[in-house]
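Tertiary structure, described
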Amino acid sequence: MKTRYRLFLIGILVVLLASIRFFEAKIFYDPLLFFFKYSDYLRDDIPDFEPGLLILNTILRYVINSLISLGIIAIAFVDRNIIKFSAVLFLLLLGIVGSVFTYLIFTIENEHFLALFYVRRFLIHPIFILVLLPAFYYYRIHKRSRKI
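Okay, so let's go over this structure. Within every chain, residues take consecutive numbers counted from 1 along the sequence as written. In keeping with the model being predicted, local features are shown solely for residues with a pLDDT of at least 70 and side-chain atom pairs are shown and tallied solely at 80 or more, while totals for entire chains, interfaces and linings include all residues. For side-chain calculations, the full set of non-hydrogen atoms in the structure is used, while hydrogens and water are omitted.

**Quick notes on the layout of surface pockets**
With a 1 Å grid laid over protein atoms only, a set of points is called a cavity when a 1.4 Å probe fits there but cannot get out and a pocket when it is open yet has protein on both sides within 12 Å along at least five of seven lines; lining residues have an atom within 4 Å of a point. Grid points are joined across faces, edges and corners, and a volume is the space filled by probe spheres set on the points. For the largest pocket, the calculated volume is near 170 Å³. For the largest pocket, the full set of lining residues is I10, V14, L17, A18, I72, H125, P126, I127, I129, L130 and L133. For helices the rule is a DSSP run of H or I covering at least 4 residues; for strands it is a run of E covering at least 2, with both sets numbered from the N terminus onward. For the lining of the largest pocket, the secondary-structure elements that each account for two or more residues are α1 (3-22) and α7 (128-147). Considering each element in turn, the lining of the largest pocket owes the most residues, four residues, to α1. Side-chain classes are defined by residue name, with Ala, Val, Leu, Ile, Met, Phe, Trp, Tyr, Cys and Pro counting as nonpolar, Asp, Glu, Lys and Arg as charged, and the others, Gly among them, as polar. Split by residue class, the lining of the largest pocket holds 10 nonpolar, one polar and no charged.

Okay, here's the thing in C-alpha cells:
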C-alpha cells in the first residue's frame, strides 16, 4: 500500500479516536466524567452511579479504543507479530488495570478518588498507542540496522 494511503487511513483512525473523546458524554455512561471535571472531587461526595454499568461502559470504551489503536499499528507496521504482540499487551493491560478499576469502584473512599481518577483515565484514553508506536518504530530501525 502506498504511503499516502496508509497515512490517510491512519488519519481517519486518529479522527475516530478524537471523535470518541469529543462525544464521550453522549456515547458512554460515565457519571464520574462530570464529577472529576466540574467538581472539587477531593472534597465532594461521589455521585450515585450503577457500578456494573459504569464498569461495562468503561471496558467497552477501552475495547473500542484498543481496536482502533490496533488498526493504527496494523497500518503503520504491516507485521503480524507486532499486531499479535500489541493485542496481547492490550488484553494484559485490560486485565490488570480493569481489575484495579473494579476494585476501586466497589471500595471507593475519599482518599482513593485520585487513584480512581488516574486508573479510569488510563482505561478511557488511548494512552498505550503513544507508547507502542515509538517503541515499534525504534524496534524496526534497530532491526534494519543489524541487517546491514
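**Digging into the packing of helix α5 (residues 80-106) against α7**
Between N-to-C directions, angles span 0 to 180 degrees; the directions come from axes that are lines fitted to C-alpha atoms, helices contributing only their stretch in contact. Two elements in contact, α5 and α7, have axes separated by 12 Å at closest approach and are oriented at 150°. Here α5 lies roughly antiparallel to α7, going by the angle between them. Crossing geometry of α5 relative to α7 is assigned as right-handed. Each of I82, F85, S86, L89, F90 and L93 in α5 lies in contact with α7, whose residues at this interface are F128, L132, F136, Y139 and R140. Orientation is classified from the angle alone, with under 35 degrees giving roughly parallel, over 145 giving roughly antiparallel, 65 to 115 giving roughly perpendicular, and any other angle giving oblique. The sense of a crossing depends on the near helix, which, turned anticlockwise from the far helix by less than a right angle, makes the crossing left-handed and, turned clockwise, makes it right-handed. In this analysis, two residues are considered to be in contact whenever any of their non-hydrogen atoms come within 4.5 Å of each other.

**So, empty space enclosed by the protein**
Counted according to the given criterion, the structure contains two cavities of 30 Å³ or more. Taken as a whole, the largest cavity encloses approximately 60 Å³ of empty space. Lining the largest cavity are Y62, N65, S66, S69, F90, L93, F122, L123, H125, P126, I127 and F128. Among the elements of the structure, α4 (51-76), α5 and α6 (113-124) are those that each provide at least two residues to the lining of the largest cavity. When residues in the lining of the largest cavity are grouped by element, the largest group, four residues, is from α4. By residue class, the composition of the lining of the largest cavity is eight nonpolar, four polar and no charged. What lines the second largest cavity is F28, Y29, D30, N57, T58, R61 and I124. Taken together, the residues that form the lining of the second largest cavity break down as three nonpolar, two polar and two charged.

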